[in-house]
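Structure at a glance
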Amino acid sequence: QKEVEQNSGPLSVPEGAIASLNCTYSDRGSQSFFWYRQYSGKSPELIMFIYSNGDKEDGRFTAQLNKASQYVSLLIRDSQPSDSATYLCAANNNDMRFGAGTRLTVKP
Amino acid sequence: DVKVTQSSRYLVKRTGEKVFLECVQDMDHENMFWYRQDPGLGLRLIYFSYDVKMKEKGDIPEGYSVSREKKERFSLILESASTNQTSMYLCASSLYNGNTIYFGEGSWLTVV
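Residues numbered from 1 in each chain as written. Chains lettered and ligands numbered in written order. Predicted model: local features only at pLDDT ≥ 70, side-chain atom pairs only at ≥ 80, totals over all residues. Heavy atoms only, no water.

1. Digging into the overall build of chain B
Per the secondary structure count, chain B includes zero helices and twelve strands. Secondary structure of chain B in N-to-C order comes out as β-β-β-β-β-β-β-β-β-β-β-β. For a compact globule of 112 residues, the expected C-alpha radius of gyration is about 13 Å, and chain B comes in at 13 Å, within 12% of that figure. Expressed along its principal axes, the backbone C-alpha trace of chain B runs to roughly 35 × 25 × 25 Å. Scored against the burial criterion, the 112 residues of chain B give a buried share of 49%. In chain B, 56% of the contacts between residues at least 6 apart in sequence involve partners at least 24 apart. Total accessible area on chain B stands at roughly 5,400 Å², and carbon and sulfur atoms take up 50% of it. In chain B, which carries 14 positive and 15 negative side-chain charges, the distance between the mean positions of the two groups comes to 5 Å. (Helix = DSSP H or I, 4+ residues; strand = E, 2+ residues; numbered from the N terminus. Rg over C-alpha atoms; globule rule 2.2 N^0.38 Å. Buried < 20%, exposed > 50% of the residue type's maximum accessible area, 1.4 Å probe, protein only. Contact = heavy atoms within 4.5 Å. Areas by Shrake-Rupley, 256 points an atom, 1.4 Å probe, with all protein chains shown as cover. Lys, Arg positive; Asp, Glu negative; His and termini not counted. Charge placed at Lys NZ, Arg CZ, Asp CG, Glu CD.)

And the structure:
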């Protein structure tokens, strides 16, 4: 079975700190990886995607991919209270599989 | 903007009823998906479809079926609803395999 695992959390960081979210996947055939944010009672929305090994930056967000280690991470710099949400990692190989999510709380 | 519309947001059904959850996307996407989301279990894939009249089982297809008669519409069917199917159901679509998937707003189903 294709599995995506995320650090269980919950994760709490102070405002302005860096939040680090981690994810591993079991399917070596996975080609693309995604981070989604989900607010309570809402559907997931895309933050960013990454296809190649290394880092990809978009504003305060940086995704990191290491295919050899089957590891994906998301760093959120200068965390804001509005970043408080559940973050979902997903891996794609013909279909999209999600982790259970990590709940992040940013405290003012 | 991509729009994925789930026609029923909140439903309450009785055990044994047949339930239809409808989903329509307006961006000519090839792929469509149905997930369910439960606390602590994350998003679990029920079925997906790459093309009209085509379907593939996901991780938890038991108790569900799907229909894709038109490209823009993907329906999830619970032939005989059971209480363990109480959940939030999310429909999603993507242009092609490997692309970003976009979610509908979700359908909250309670089976009593």
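Following the structure, the description resumes.
2. Some words on the side chain of serine 93 of chain B
Within the secondary structure layout, serine 93 of chain B lies in strand β10 (residues 87-94). At 2.8 Å, the side chain of serine 93 of chain B forms a polar contact with the side chain of histidine 29 of chain B. (Polar contact = N/O pair within 3.5 Å; in protein donor to acceptor, adjacent residues only side chain to side chain.)

3. Points about the sheet that holds strand β6 (residues 54-58) of chain A
Where strands meet in a sheet, backbone hydrogen bonds hold them as pairs that are either parallel or antiparallel. Residue and element names in this part refer to chain A. Strand order in this open sheet of five strands is β1-β3-β8-β7-β6, and the pairing throughout is antiparallel. The sheet is open, and its two edges are formed by β1 (4-6) and β6, each paired on a single side. Between one strand axis and the next, the sheet turns by 20° as a mean value, whatever way the strands run. Sheet analysis places strand β7 (residues 61-66) next to strand β8 (residues 71-76), joined by six bridges and oriented antiparallel. (Pairing = 2+ DSSP bridges. Axes fitted to C-alpha atoms, helices over the stretch in contact; angles between N-to-C directions.)

4. Let's talk about the state of the cysteines
Throughout this description, disulfide means a covalent bond between two cysteine sulfur atoms. Residue and element names in this part refer to chain A. Enumeration over the complete set of coordinates arrives at two disulfides over all chains. Disulfide partner of cysteine 23: cysteine 89, at an S-S distance of 2.0 Å. Between cysteine 23 and cysteine 89 the sulfur-sulfur dihedral comes to about -75°; the bridge is accordingly left-handed. Here the residue cysteine 23 occupies a position in strand β3 (residues 19-25), and cysteine 89 occupies one in strand β9 (residues 85-92), the gap between them amounting to 66 residues. (Disulfide = S-S within 2.5 Å.)

5. Some thoughts on empty space enclosed by the protein
Residue and element names in this part refer to chain A. Within the structure shown, the criterion is met by one cavity of 30 Å³ or more. Forming the walls of the largest cavity are Lys2, Glu3, Val4, Tyr25, Ser26, Asp27, Ser30, Ala91, Asn92, Asn93, Asp95 and Arg97. When the residues that make up the lining of the largest cavity are grouped by side-chain class, the tally is three nonpolar, four polar and five charged. (1 Å grid on protein atoms, 1.4 Å probe; cavity = no way out; pocket = protein on both sides within 12 Å on 5 of 7 lines; lining within 4 Å. Points joined across faces, edges and corners; volume = space filled by probe spheres on them. Nonpolar A, V, L, I, M, F, W, Y, C, P; charged D, E, K, R; others polar.)

6. Regarding the packing of aromatic side chains
Summed over the entire model, instances satisfying the criterion amount to 13 aromatic pairs over all chains. For the pair phenylalanine 34 of chain A and phenylalanine 49 of chain A, a centre-to-centre distance of 6.2 Å together with 45° between the ring planes defines the contact as tilted. On the criterion of sequence distance, the pair formed by phenylalanine 34 of chain A in strand β4 (residues 32-38) and phenylalanine 49 of chain A in strand β5 (residues 45-50) is long-range, its members being 15 residues apart. Accessibility expressed as a relative area gives 29% for phenylalanine 49 of chain A, which makes it partly exposed. In textbook terms, an aromatic cluster arises when at least three aromatic residues are bridged by ring pairs, as seen for Phe34, Tyr36, Phe49, Tyr51 and Phe98 of chain A together with Phe33, Tyr35, Phe48, Tyr50 and Phe103 of chain B. Here the guanidinium or amino end of lysine 56 of chain A rests over the ring plane of phenylalanine 49 of chain A, the centre of that ring lying 3.7 Å away. (Phe/Tyr/Trp six-rings, centres within 6.5 Å; stacked < 30°, edge-to-face > 60°. Lys NZ or Arg CZ within 6 Å of the ring centre and 35° of its normal.)

7. Section: the confidence of the model for chain A
Mean pLDDT over chain A stands at 93; residues scoring 70 or higher make up 98%. Considering each helix and strand of chain A separately, the mean pLDDT is smallest for strand β10 (residues 96-98) of chain A, with a value of 89, and largest for β7 of chain A, with 97. (pLDDT = per-residue confidence, 0-100.)

8. Some remarks on the pairing of β5 of chain A
All names here are of chain A. In this sheet, β5 lies alongside β4 in antiparallel orientation, the contact comprising five bridges. By the bridge assignment, tryptophan 35 is partnered in β5 with methionine 48. A loop of six residues connects β4 with β5, the two strands running antiparallel in sequence, and glycine 41 in this loop sits at a positive phi of about 80°.

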